[in-house]
Amino acid sequence: MKLNLFCMPTVPAASQEERAALRPIGRNAERYHAMVEELRTLAKVGDELGVHAISTTEHHFHTEGFEANPNPLLLFADIAARTERIFVAPMSVVVTPENPIRVAENVAMLDIMTKGRVKVGFARGYQKRWVQIIGQGVGVTAAQVTTKADDENNQRIFEEFEEIILKAWKNEVFDYEGKFFSVPYPYKEGIDGWAAVDFTRKYGADGELDENGIVRKIGTVPGPWQKPHPEIWRTSGGSRSTVVDAAHKGYVPFLVTPLADQVLDSCRLYQSEAAKAGYDLKLGQKVGVTRSITMGNTDEEAWDMAMRTTGEVWHNYFNHFGFGEPLRYPDEDKATYPVPRQFASVEECTARLADCGMSLQGTPDKIKRELENLHRCYADGELEYLCWMFNAQGMIPINQQVDQLVDFFHKVWKPMFG
């Protein structure tokens, strides 16, 4: 199994009271630099230990200091230059409010700079505050937390932009006529007046210009180091359609599903749908599962650490965006938006995360037992990826973060997986 260290870049504060006193902490340059230094440290330690990849999310305008990373590709260019083996894996690049050509170019450039140490996830964007501002040119609104019509429009933009990115990576030159984006633009007329027609005919790619010197196709530069492109990851919060789509496209779904039967069902679905697409995979192959992990010398010590990290983050932040919904038990009443499942306290949230399996917490031996069941997909399989949602970053001192990572690797990961 391969370990992905998934950080949601958090501007560090010693307590929630200090975070409030320093508001807006996300705009505090010294604290933001401290966050970058923490991420650099975790990446370098992970690289030395043999962690497979490091990931972060992308979000904008987070003056509150949680998930405060507007440019994961820029951050990972820095991290890649300081490490040797660890993959850098933006998880995910939100493509709907962006220019898909720029996304294709930037990811390919990072792939070139790292000689193929890139994996990438694409996301639709679920936070209205920034998706609608940055994506105003294309008219996109946030996914999931808006109306059905807005969600469907977001999905159409996502599918079109993802198709353009893949065309840019796979083809020396290409054209595309879509509802939201065209290559060239305007598509039917092409681009007249390109000044370097003879130069392009001599040194450029075949098919860029027609017989009249009109630009009809383009080739993005550079092409990716990995052929045909970096491995693509896709986050799935339990949607069967997302798992099916990933299976048919050869993507790796990362399941943010807590209950054992949900994980097993998704792994079986992925395996069967991948077979329809011509992929002969074992149960759990090319599948990842996301979990928070907190380890202590005793269960009580681990609980205290989980309360100060995972519990605080989920209760005070993720709760507001409906992330409590996947933590419902099957016999609980389902909520109808805009009233998702929430928890009354940090204690209740921490307990539910552990009870339903989203959070692994306890002694090394306890975590080994739970991880072994997860690795087997709760059946006869072998999960390929574990995504560790590392909620400790920014919530506790960096030396304690490093201790969690090192102790987990030596006491749990290495004994289990070598």
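Below you will find a few notes about this structure. (Residues numbered from 1 in each chain as written. Predicted model: local features only at pLDDT ≥ 70, side-chain atom pairs only at ≥ 80, totals over all residues. Heavy atoms only, no water.)

As for the nonpolar core
Here is a general trend for soluble globular proteins: nonpolar side chains tend to be buried in one another's company.
At step 1: Core analysis: the biggest nonpolar cluster contains 88 residues, and L5, F122, W169 and F408 have the highest contact counts within it.
At step 2: Take this core: its biggest share by element is eight residues, from helix α6 (residues 148-170).
At step 3: Filtering out sequence-adjacent residues up to four positions away, F122 remains in contact with S92, V93, V95, V103, F158, E162, I165, W169, I232, W233 and R234.
At step 4: Counting residues in each nonpolar core, the second largest holds 26 residues, with V252, V256, F343 and C387 among its members. (Core = buried A, V, L, I, M, F, W, Y, C linked by side-chain atoms within 4.5 Å. Buried < 20%, exposed > 50% of the residue type's maximum accessible area, 1.4 Å probe, protein only. Helix = DSSP H or I, 4+ residues; strand = E, 2+ residues; numbered from the N terminus. Contact = heavy atoms within 4.5 Å.)

As for the layout of surface pockets
At step 1: Considered as a void within the structure, the second largest pocket measures approximately 350 Å³ in volume.
At step 2: Contributing to the lining of the second largest pocket are 17 residues, with N71, L73, L74, R102 and N106 lying nearest its centre.
At step 3: Of all the secondary structure elements, the ones that give two or more residues to the lining of the second largest pocket are α3 (72-82) and α4 (100-113).
At step 4: Sort the elements by how many residues they give to the lining of the second largest pocket and α4 lands first, with six residues.
At step 5: For the lining of the second largest pocket, the per-class residue count stands at ten nonpolar, four polar and three charged. (1 Å grid on protein atoms, 1.4 Å probe; cavity = no way out; pocket = protein on both sides within 12 Å on 5 of 7 lines; lining within 4 Å. Points joined across faces, edges and corners; volume = space filled by probe spheres on them. Nonpolar A, V, L, I, M, F, W, Y, C, P; charged D, E, K, R; others polar.)

Things to note about empty space enclosed by the protein
At step 1: Tallied over the entire structure, the rule returns two cavities of 30 Å³ or more.
At step 2: Roughly 60 Å³ of internal volume is contained in the largest cavity.
At step 3: The wall of the largest cavity is formed by M8, T10, F66, E67, V313, Y317, F318, F390, N391, Q393 and M395.
At step 4: For the lining of the largest cavity, a count of residues per class yields seven nonpolar, three polar and one charged.
At step 5: The space that makes up the second largest cavity amounts to roughly 50 Å³.
At step 6: Surrounding the second largest cavity, I293, T294, M305, T309, T310, W388, M389, F390, N391, A392 and Q404 form its lining.
At step 7: Broken down by element, the residue count for the lining of the second largest cavity peaks at three residues, all from helix α10 (residues 299-316).
At step 8: Per-class residue counts for the lining of the second largest cavity are six nonpolar, five polar and no charged.

A closer look at α4
At step 1: Here α4 is 14 residues long and its end C-alpha atoms lie 20 Å apart, about the 20 Å a rise of 1.5 Å per residue gives.
At step 2: Of all the positions in α4, only P100, I101, V103, A104, V107, A108, L110 and D111 are classed as buried.
At step 3: The elements touched by buried residues of α4 are α3, β3 (87-90), β4 (93-94), β5 (119-123), α6 and β7 (182-183).
At step 4: The backbone nitrogen of I101 has a side-chain oxygen 2.9 Å away, supplied by the residue at the start of α4, namely N99.
At step 5: Directly after α4, the chain includes K115, whose backbone phi takes a positive value near 55 degrees. (Expected span 1.5 Å × (residues − 1). Polar contact = N/O pair within 3.5 Å; in protein donor to acceptor, adjacent residues only side chain to side chain.)

Describing the environment of R156
At step 1: When you line up the elements, R156 lands in helix α6.
At step 2: On the basis of relative accessibility, which here comes to 39%, the residue R156 falls in the partly exposed class.
At step 3: For the pair R156 and K179, spaced 23 residues apart in sequence, the C-alpha separation works out to 9.1 Å.
At step 4: When sequence neighbours within four positions are dropped, the list of residues in contact with R156 reads K179 and F180.

Digging into the pairing of strand β12 (residues 385-389)
Remark: a regular strand shows side chains that alternate across the two faces of the sheet.
At step 1: For β12, a buried count of five out of five residues is recorded, marking the element as mostly surrounded by other parts of the structure.
At step 2: The two faces of β12 match: Y385, C387 and M389 on one face and L386 and W388 on the other face are all buried.
At step 3: Alignment of strand β1 (residues 2-7) against β12, held across five bridges, turns out to be parallel. Its bridge partner lying in β12, F6 is registered against M389.
At step 4: Two strands pair when backbone bridges link them, and strand β10 (residues 288-295) and β12 are joined in this way by four bridges, in the parallel orientation. (Pairing = 2+ DSSP bridges.)

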